[in-house]
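Structural description and commentary
Now for the letters of each chain:
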Amino acid sequence: YVQKYGWKGILVEPVGYIFEKLKKKYKGIPNISLENVAIADKNGYKKFYRLDKIDNKNPPLWYDEIGSFLKNNVLKHKDKFPDLEKYLITEKISCLTLKFLFEKYQLNKIDLLQIDTEGYDYHIVKSIPFDKLKPKIIRYEDRHLSIKHKKYCVDLLTSQGYKVIQISGD
């Protein structure tokens, strides 16, 4: 869709080698900006848990998609990838708030805000600066959220006029 319809966007990826893949994939495509950061509750650096890059084995296709600020949410995937702990690493990554990112790019309209942060989604949803910018569609993963955090997100979004639809863990 990005190429076919000329979509504009900001892609945020904290993991260095995955960020490099994004740079290659979107090289030369206008209107796509890339940020090698994570979205967090404050600007700065934060501990991030992920699996190390695996080149010599046959890991699950999704193994490099499960990084999180919440270590237990990464470990939840151990049932599908028994060697997971062997590859678990911790690194300090650069972080920006959503508000800072929106201001940096001087956004005045967002059609789609896509969030998938292995359980940190609650923190990002609650940090959306609705008084400044109201995305048309917000898609986030709730499968790792507590019942309390799921309810908070739904209540917040409905109070902002959104219709909430549950789609397979998102």
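This structure is a prediction, so every number in the text was calculated from the model and none was measured. Per chain, residue numbering runs from 1 following the sequence as it is written. In view of the model being predicted, local features appear only for residues whose pLDDT reaches at least 70, and side-chain atom pairs are presented and counted only at 80 or more, with totals across whole chains, interfaces and linings using the full set of residues. Working from all heavy atoms in the structure, the side-chain values ignore hydrogens and water.

Glancing now at the sheet that holds strand β3 (residues 38-39). Pairing between two strands is assigned when DSSP locates at least 2 bridges connecting them. Under the DSSP-based scheme used, a helix requires at least four consecutive residues in state H or I and a strand at least two consecutive residues in state E, with every element numbered from the N terminus. An order of β3-β5-β4 is seen for the three strands of this open sheet, with the pairing classed as mixed. If you trace the sheet from one side to the other, it starts and ends with β3 and β4 (44-51), each paired once. Looking at chain direction, β3 and strand β5 (residues 88-96) are connected through two bridges and run parallel. Bridged to alanine 38 within β5 is cysteine 95.

Right, let's talk about the packing of aromatic side chains for a bit. Only centres within 6.5 Å qualify two rings of Phe, Tyr or Trp (six-membered ring in Trp) as a pair; their planes then separate them into stacked at under 30 degrees, edge-to-face at over 60, and tilted for everything else. Per the counting criterion, the structure on display carries seven aromatic pairs. Their ring planes at 15° and their centres at 5.5 Å tell us that tyrosine 1 and tyrosine 5 sit as a pair that is stacked. Here the term buried applies to any residue with accessible area under 20% of the maximum for its type, exposed to any over 50%, and partly exposed to those in between, with areas from a 1.4 Å probe on protein chains only. Take tyrosine 5: its relative accessible area is 48%, and that puts it in the partly exposed class. Measuring from centroid to centroid gives 5.3 Å for tyrosine 1 and tryptophan 7, while their planes differ by 15°, and the two rings are stacked. Within the aromatic cluster, the residues linked to one another by ring pairs are Tyr1, Tyr5 and Trp7. In this scheme, Lys NZ or Arg CZ marks a charge over a ring once it lies within 6 Å of the ring centre and within 35 degrees of the ring normal. Over the ring of phenylalanine 69 we find lysine 46; its NZ or CZ atom is 5.1 Å from the centre of that ring.

Take the pairing of strand β1 (residues 9-12) next. As judged from the four bridges shared by β1 and strand β2 (residues 32-35), these two strands associate in the parallel manner. Paired with isoleucine 10 across the bridge in β2 is serine 33.

A few words on helix α2 (residues 16-25). Listing the buried residues of α2 in full gives Tyr17, Ile18, Phe19 and Leu22. Where the residues of α2 are buried, they touch β1, β2 and β4. For this analysis, residues touch if any pair of their heavy atoms sits within 4.5 Å.

Residues enter a nonpolar core if they are buried and are Ala, Val, Leu, Ile, Met, Phe, Trp, Tyr or Cys, with the set joined through side-chain atoms within 4.5 Å. The biggest cluster of nonpolar side chains holds 42 residues, and the ones touching the most others in it are Leu51, Phe69, Ile138 and Tyr140. Residue contributions to this core peak at four residues, all from β5. For leucine 51, the residues in contact, after removing those within four places along its chain, are Tyr63, Ile66, Val74, Phe81, Leu84, Tyr87, Leu88 and Ile89. Counting residues in hydrophobic clusters, the runner-up holds five residues, among them Val2, Leu22, Ile29 and Ile32.

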